[in-house]
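Here is what each chain is made of, one letter per residue.
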Amino acid sequence: LCSAQAETETETETETERCEPRVRETPADIGLQAPASALALHPARALLAAGDVDGDVWLYSYSCTEGENRQLWSSGHHLRSCRDVAFSPDGQRLFTVAKDKAIHMLTVEEGRLETRIPKAHGFALNCVLPIDDHLFATGDDGGVLKVWDLRKGEAVLEAHQQEEYISAMAVDDNGKILLTASGDGTLGVFNVRRRRFELVSEPQNGDLTSVTLMKRGKKVACGSSEGTIYLFNWDGFGAASDRFALRVESVDCMVPVTDSIVCVGSLDGVIRVVNVLPNRVLGCVGQHLGEPVERLALAPCGQLLASCAHDQKVKFWDVSALTGMVVDDYRKKKKKGGPLRALSRKAVGSGQDFFAELRDEVDASGEGDSDDGNND
């Protein structure tokens, strides 16, 4: 009798386990109807916005619980490829720009088109960056930058200081200095508060494809089409202070995970983890096999990274292990050209031991801020 009762209890527990949804390490992949060319994660909620080459914009909720990813709405207002999407700082609006030269502002809750600025630029729009609750910036294929004021409904700053497309933008925490990376290899500097152009850096080799602030705002890192990361001092934008060649075909996009560690996407589909000063490729957190990585976005928790590529998928990667990594100036000599270390379980290779053979995780005091490039 006891044996039969134990079997019944075991069967009941098994049935309960079957009914309970499985919790994954990361959300499941999100499949799209066309290749995504734009990607953004909500600043406070588990929401993902994606724009595709057909001009459609999608909003999804994502979850680590199996089967809980949901499409909330889609918008087909753009006539041509959507190039960039960005949430407003308060998370209430979604900004989208496209090849049709139009700027759209959609409500996040309903996907309703709240504002449309047709022919906002003379060239196809390439990127958009919210600065604060009232100001946002846009850059186009002709190198034109505009800063818009929602209260006035018009551009309050327009500048054409760069000769090629503006690929990416970044702004400091005070919303004062705006930086633009351009296809002509220069970094543009603009004072938003004074509504004026400051300077353009010396041109680097290749297109500048991305820009982000590092080292608590003391350094600026720019990715390039030649596979090099250029570093600028905050008070010295005229010329790069350091450069780090990754030995990849390109650095198409990047997003900082900590003050020193950045994830970069490339044409080979690999998402590399790079430490800045000392300059080191630490490994790989994920990949879109054989497909160029278009965009990367970090979740507000800082533990999930989203990526999109030409495979029509948005993928998620666990980057929680990166926040505890500290890289020392010293490293033992290793063979060049070896496989990248897997820094997540979903990365190609074994990710079971994140820190195997990595002699770099030591006291934070060991990290230098020198401009000496330790190129891998």
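Note that the structure is predicted; figures quoted are calculated from it, not measured.

1. Comments concerning the sheet that holds strand β6 (residues 82-87)
Move 1: Read across the sheet, four strands follow the order β6-β7-β8-β9 without closing on themselves; strand pairing throughout is antiparallel. Of all the strands in the sheet, just β6 and β9 (113-117) have a single pairing partner and so form its edges. Within the sheet, the average angular offset between the axes of one strand and its neighbour, ignoring direction, is 15°.
Move 2: Of the pairings in the sheet, the one linking strand β8 (residues 103-107) to β9 comprises four bridges and is antiparallel in character. By the bridge assignment for β9, Met-105 is matched with Thr-115.

2. Quick notes on the nonpolar core
Move 1: Grouped together as the largest cluster of nonpolar side chains are 18 residues, with contacts concentrated most on Cys-263, Ile-271, Val-273, Val-285, Leu-296, Leu-305 and Leu-322.
Move 2: Sorting the residues of this core by element identifies β22 (253-256), β23 (261-265), β24 (270-275), β25 (280-287) and β26 (293-298) as the ones contributing at least two each.
Move 3: With near-sequence residues (within four places) excluded, Cys-263 lies in contact with Cys-253, Met-254, Val-255, Val-257, Ile-271, Arg-272, Val-273, Val-285, Leu-296, Leu-305 and Leu-322.

3. Details of unusual backbone geometry
Move 1: Look at the link from Leu-277 to Pro-278: it is a cis peptide, with omega at 0°.
Move 2: Relative to the helices and strands, Pro-278 is located in the loop between β24 and β25.
Move 3: Positive phi is not limited to glycine here, since Lys-119 has a value of about 50°.
Move 4: With respect to the helices and strands, the residue Lys-119 is situated in the loop between β9 and β10 (125-130).
Move 5: Phi at Gln-312 takes a positive value of approximately 65°, unusual for a residue other than glycine.
Move 6: With respect to the secondary-structure elements, Gln-312 resides in the loop between β27 (304-309) and β28 (313-318).

4. With respect to the packing of aromatic side chains
Move 1: In the structure shown here, the tally under the stated rule is five aromatic pairs.
Move 2: For the ring pair Trp-234 and Phe-237, a centre distance of 5.1 Å and an interplane angle of 75° mean the geometry is edge-to-face.
Move 3: For Phe-237, a relative accessible area of 8% translates into the label buried.
Move 4: Of note, Lys-346 hangs over the ring of Trp-317, and the distance from its end group to the ring centre comes to 4.9 Å.

5. Looking at the side chain of Lys-215
Move 1: With respect to the helices and strands, the residue Lys-215 is situated in the loop between β18 (208-214) and β19 (219-224).
Move 2: Among the polar contacts made by the side chain of Lys-215, one reaches the main-chain carbonyl oxygen of Leu-277 at a distance of 3.0 Å.

6. What about the pattern of salt bridges?
Move 1: Under the defined criterion, the tally for this structure stands at 13 salt bridges.
Move 2: Among the salt bridges present, the one from Asp-259 reaches Arg-216, with a minimum N-O distance of 3.8 Å. With Asp-259 in the loop between β22 and β23 and Arg-216 in the loop between β18 and β19, the pair connects residues that are 43 residues apart, well separated along the chain.
Move 3: Residue Asp-259 is classed as partly exposed on the basis of its relative accessible area, which comes to 36%.
Move 4: With a relative accessible area of 57%, Arg-216 lands in the exposed category.
Move 5: If you follow the salt bridges from partner to partner, you end up with Arg-22, Arg-24 and Glu-66 in one network.

Definitions and cut-offs
- Residues numbered from 1 in each chain as written.
- Predicted model: local features only at pLDDT ≥ 70, side-chain atom pairs only at ≥ 80, totals over all residues.
- Heavy atoms only, no water.
- Pairing = 2+ DSSP bridges.
- Helix = DSSP H or I, 4+ residues; strand = E, 2+ residues; numbered from the N terminus.
- Axes fitted to C-alpha atoms, helices over the stretch in contact; angles between N-to-C directions.
- Core = buried A, V, L, I, M, F, W, Y, C linked by side-chain atoms within 4.5 Å.
- Buried < 20%, exposed > 50% of the residue type's maximum accessible area, 1.4 Å probe, protein only.
- Contact = heavy atoms within 4.5 Å.
- Phe/Tyr/Trp six-rings, centres within 6.5 Å; stacked < 30°, edge-to-face > 60°.
- Lys NZ or Arg CZ within 6 Å of the ring centre and 35° of its normal.
- Polar contact = N/O pair within 3.5 Å; in protein donor to acceptor, adjacent residues only side chain to side chain.
- Salt bridge = Lys/Arg side-chain N within 4 Å of Asp/Glu carboxyl O.

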